[in-house]
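# Per-entry structural report
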Amino acid sequence: MAIKDYIRERFFPHLWCPGCGHGIILNSMLRAIEQLGMSKNEIVMVSGIGCSSRISGYVDFHTLHTIHGRALAFATGVKLSRPELNLVVPMGDGDALAIGGNHFIHAARRNIDITAVVMNNRIYGMTGGQYSPLSGHGTVATTAPFTNIDQTFDVVKLATAAGASFVARTTAYHARQISDILRKAILHEGFSVVEILSQCPTYFGRKNRQGSAVDMLKLYKDNTTPIGSKAKEENPELIERGIFVQNEQPEYCREYDRIIKRAMGSR
Ligand SMILES: Cc1ncc(C[n+]2csc(CCOP(=O)(O)OP(=O)(O)O)c2C)c(N)n1
Ligand code: SF4
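Summarised in this report is the structure supplied together with it. Everything numeric here is computed off the predicted structure, so don't read it as measured data.

What follows deals with the site of ligand 2. Around ligand 2, the neighbouring residues are Trp-16, Cys-17, Cys-20, His-22, Cys-51, Asn-121, Gly-125, Cys-200, Pro-201, Thr-202 and Tyr-203. The element best represented in the shell around ligand 2 is helix α8 (residues 201–207), accounting for three residues. Tallied by class, the residues present in the shell around ligand 2 amount to seven nonpolar, four polar and no charged.

This is the structure we're talking about:
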């Protein structure tokens, strides 16, 4: 199936600002699904609210555009009722880890077979540039004009500690790596977290003087390195890219099935 068949052309042009990283992620995501040879009926895309979450409107899969922070709760319901479908949940850093943080850690703990894509632009883009839990200490946001005093956290470490059985990170600069990782994440049986650093030139970039979208992409190129590289040993500040966790653990829907069979047998 051609990539263009996966999109709803009637909803274009999209609402993203020129240079927003979210468009690159949509493109790489569609390429991953095309490379997997999946039909659009095999994918369910569920999202909450945010610039990132608008992805579910642009794709011609089964889609649910739900409420802010609750996409994983809706996706859990869909997956439990139709476990044969592939659930993909694109989320902003605010959607996934501020209002949706509780759902995130518990979906990871259950190891339900959903692919959670955290499109991390370190800001609330849709609502005008408020700081998010991923903004980081010392950054500037609409709601932190004198710099943000909140500390951030590491999405990869959080997902790993919460029990996700597939955890990876890449950036909007590394478009091919996004597709490579997403293919593996979608095929992985269990909760997969893929963090993708995505530039928001309109709010994060402008407030933090990071320049144009191209300048921001260059920062991703220069400030990241493959996991375990020599460069990381020499410069611990570099952010690692790649697959951090990929292991087999009991998957929630299978466990649920098993318990139903046990209950039926005991009647
Ligand atoms: C319950 C609820 N609270 C707050 C909002 C307002 N709101 C909409 S999107 C959003 C944050 C968007 O930021 P993020 O999830 O990081 O995505 P981005 O827009 O940056 O891609 C907020 C606070 C809402 N829609 N619903
Ligand atoms: S506000 Fe930021 S995240 Fe939203 S579309 Fe514009 S650049 Fe992208």
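The subject of this paragraph is the packing of aromatic side chains. This model, assessed by the stated rule, comprises five aromatic pairs. Pairing Tyr-6 with Phe-61 gives two aromatic rings, centres 5.5 Å apart and planes at 55°, and the pair type is tilted. Pair noted here: Tyr-6 is in the segment before α1 (21–35) and Phe-61 is in the loop between α2 (55–58) and β2 (62–65), with a separation of 55 residues, a long-range link. We note that Tyr-6, like Phe-61, is buried. Between the aromatic rings of Trp-16 and Tyr-58, the centroid separation amounts to 5.2 Å while the plane-to-plane angle is 80°, which identifies the pairing as edge-to-face. Residue Trp-16 is located in the segment before α1, and its partner Tyr-58 is located in helix α2; the two are separated by 42 residues in the primary sequence. Through a chain of ring-to-ring contacts, three or more aromatic side chains come together here, namely Phe-12, Trp-16 and Tyr-58. Over the face of the ring belonging to Tyr-252 we find Arg-110, whose NZ or CZ atom lies 5.5 Å from the ring centre.

What counts and how
- Residues numbered from 1 in each chain as written.
- Chains lettered and ligands numbered in written order.
- Predicted model: local features only at pLDDT ≥ 70, side-chain atom pairs only at ≥ 80, totals over all residues.
- Heavy atoms only, no water.
- Near = heavy atom within 4 Å.
- Helix = DSSP H or I, 4+ residues; strand = E, 2+ residues; numbered from the N terminus.
- Nonpolar A, V, L, I, M, F, W, Y, C, P; charged D, E, K, R; others polar.
- Phe/Tyr/Trp six-rings, centres within 6.5 Å; stacked < 30°, edge-to-face > 60°.
- Buried < 20%, exposed > 50% of the residue type's maximum accessible area, 1.4 Å probe, protein only.
- Lys NZ or Arg CZ within 6 Å of the ring centre and 35° of its normal.

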